[in-house]
Amino acid sequence: MQINGERICSKDQELVRPKIHFTPKKNWINDPNGLIYFNSEYHLFYQHNPQGNKWGHMSWGHAKSRDLLSWQELPVAIKEQPDFAIFSGSAVHDEENRRLVAIFTAHRENNQSQHLAFSYDGGTTWKLFENNPVLDIGYVDFRDPKVMRYQNLWLMSVAKPWEEKVSFFSSSDLMNWKHLSDFETECKEDIQWECPDLFELDGKWVLLVSENKPNSVGKCKMRYYIGEFDGKEFIPDEHKSMPLDYGPDFYAGVTFNDAPDSQRIIIGWMNNWSYAQKEKLSKQEIWNGSMSVARKLSIENKKLVQYFLAPTKN
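Residue numbers here run from 1 along each chain, matching the order of that chain's written sequence. This being a predicted model, a pLDDT of at least 70 is required before a residue's local features are given, and a value of 80 or more before pairs of side-chain atoms are given or counted; all residues contribute to the totals for chains, interfaces and linings. The basis for the side-chain values is all heavy atoms of the structure; hydrogens and waters are excluded.

## Overview of the packing of aromatic side chains
This is how the line gets drawn: Stacked, tilted and edge-to-face pairs are distinguished by plane angle, under 30 degrees for stacked and over 60 for edge-to-face with tilted covering the rest, among Phe, Tyr and Trp rings (Trp via its six-membered ring) whose centres lie within 6.5 Å. In DSSP terms, a helix is any run of H or I states spanning at least four residues, a strand is any run of E spanning at least two, and both are numbered starting from the N terminus. For the exposure calls, accessible area comes from a 1.4 Å probe over protein chains only, and a residue counts as buried if that area is under 20% of its type's maximum, exposed if over 50%, partly exposed in between. Cation placement over rings: the criterion is NZ of Lys or CZ of Arg within 6 Å of the ring centroid and within 35° of the ring normal.
Inspection of every chain in the model, using the stated rule, returns 22 aromatic pairs. Their ring planes at 70 degrees and their centres at 5.7 Å tell us that tyrosine 150 and tryptophan 205 sit as a pair that is edge-to-face. Here tyrosine 150, found in strand β11 (residues 143-150), pairs with tryptophan 205, found in strand β16 (residues 204-212); they are 55 residues apart in sequence, far enough to count as distant. In this pair, the class of tyrosine 150 matches that of tryptophan 205, namely buried. Three or more aromatic residues joined by ring pairs form one cluster here, namely Phe45, Trp60, Phe104 and Trp126. Positioned over the ring face of phenylalanine 118 is arginine 99, at 4.0 Å from the centre of the ring. A cation sits over an aromatic face here: arginine 149 above tryptophan 154, 4.5 Å from the ring centre.

This is the structure we're talking about:
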């Protein structure tokens, strides 16, 4: 295969590469990040190690598509910094300032805080905000901000992993954030909550949570709650969550911001922490990890339903 004139893989390597699941040209990927529909294109950012096919040197990779099936991989969007790694987050269109804004977790050994980066060229190049961080509560684990527009404000959902909580914050400018509330359940399971995503769908509100239980087999799974959001708190119809996917290879899934016709379209990481780094790759596999195909979400009979999505090209 050739990309921009560069020979990437041999024919043997291409035989084992998935055809409709996004994979990077080479090296490791995990969580999808910054999913946004902008200028008639779906943008997929993702956790990426540009230097190898195991987890490390976390940066944001970047690919885009017009049909959610054929992806064009672009250069690394937001690179690991000398003093922090670029962990998971989201992206929004700041119409007032004519830019895309990435909101991500800056990871240091003893601190995780939320940072911004700006793009004025449709997501190709990014500049870090000079006054980062925009949200730091002094936690070691405080990550994975998902931001969306809510009425005339921005709404952030961010995980407090070991407390098994999702915190909600609001802002008028993406830079100054006010704490609204925390969501948790009475049943604690000694797991980490990660990658929350709160959104409105079919007249209800949905909260997605990825659950990671270290040192257990099949430890990663995604669950969801259906309920109401009053601008401050998320109130579930039932405190018991429901599984989003029964297979082991769907984790850290988040939905696209600004998808056409107000659709909720989700992509997840098609792997599992139980074996992702232990997998013995063949000589043909110069990448490690892939994304699920896009799925359209709806609520039917009080449950979240997923449909494989194969839209026509624009």
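## Observations regarding the pattern of salt bridges
Two side chains of opposite charge can pair, provided their charged atoms sit close to one another. Let me state the cut-off plainly: The working definition used for a salt bridge is a side-chain nitrogen of Lys or Arg within 4 Å of a carboxyl oxygen of Asp or Glu.
Evaluation of the coordinates by the stated rule reveals 15 salt bridges. The closest approach of N and O atoms between arginine 143 and aspartate 141, which form a salt bridge, is 2.9 Å. For aspartate 141, a relative accessible area of 23% gives the class partly exposed. Between lysine 221 and glutamate 211 there is a salt bridge; the shortest N-O distance is 3.9 Å. Pair noted here: lysine 221 is in strand β17 (residues 220-229) and glutamate 211 is in strand β16, with a separation of ten residues, a long-range link. Judged by relative accessible area, which is 35%, lysine 221 ranks as partly exposed. A residue is classified by how much of its surface remains accessible, and glutamate 211, at 3% relative accessible area, is buried.

## Remarks on the environment of lysine 26
Tracing the chain through its elements places lysine 26 in the loop between α1 (11-15) and β3 (27-38). Taking the C-alpha atoms as reference points, lysine 26 and phenylalanine 250, 224 residues apart in sequence, are found 21 Å from one another.

## Considering unusual backbone geometry
Here the amide bond leading from asparagine 132 into proline 133 is cis, since omega sits at 0 degrees, within 30 degrees of zero. Secondary-structure assignment places proline 133 in the loop between β10 (127-128) and β11. A positive phi is found at aspartate 202, a non-glycine position, where the angle reads about 50 degrees. With respect to the secondary-structure elements, aspartate 202 resides in the loop between β15 (192-201) and β16. Residue classification places aspartate 202 among the exposed positions, given a relative accessible area of 51%.

## Description of the sheet that holds strand β23 (residues 295-300)
This is how it is decided: Strand pairing follows a simple DSSP-based rule, namely that at least 2 bridges must link the two strands. Orientation is described by axes fitted as lines to C-alpha atoms, over the contacting stretch for helices, and by angles from 0 to 180 degrees between their N-to-C directions.
Across the sheet, which stays open at both edges, the four strands sit in the order β20-β21-β23-β24 with antiparallel pairing between neighbours. Two strands close off the open sheet at either side, each with one partner strand: β20 (251-255) and β24 (303-308). Strand after strand, the sheet turns through a mean of 40 degrees between neighbouring axes, direction not considered. Taken together, the three bridges between β20 and strand β21 (residues 265-269) define a ladder with antiparallel strand orientation. Bridge pairing in β21 places tyrosine 251 opposite tryptophan 269.

## Describing the confidence of the model for the protein
Formally: Along the chain, pLDDT gives the predictor's confidence residue by residue, from 0 to 100. Should any heavy atoms of two residues lie within 4.5 Å, those residues are considered in contact.
Of all residues in the protein, 93% attain a pLDDT of 70 or more, and the chain-wide mean is 92. Note on residues 1-8: pLDDT under 50 across the span, and twelve contacts to partners over four residues away in sequence or across chains.

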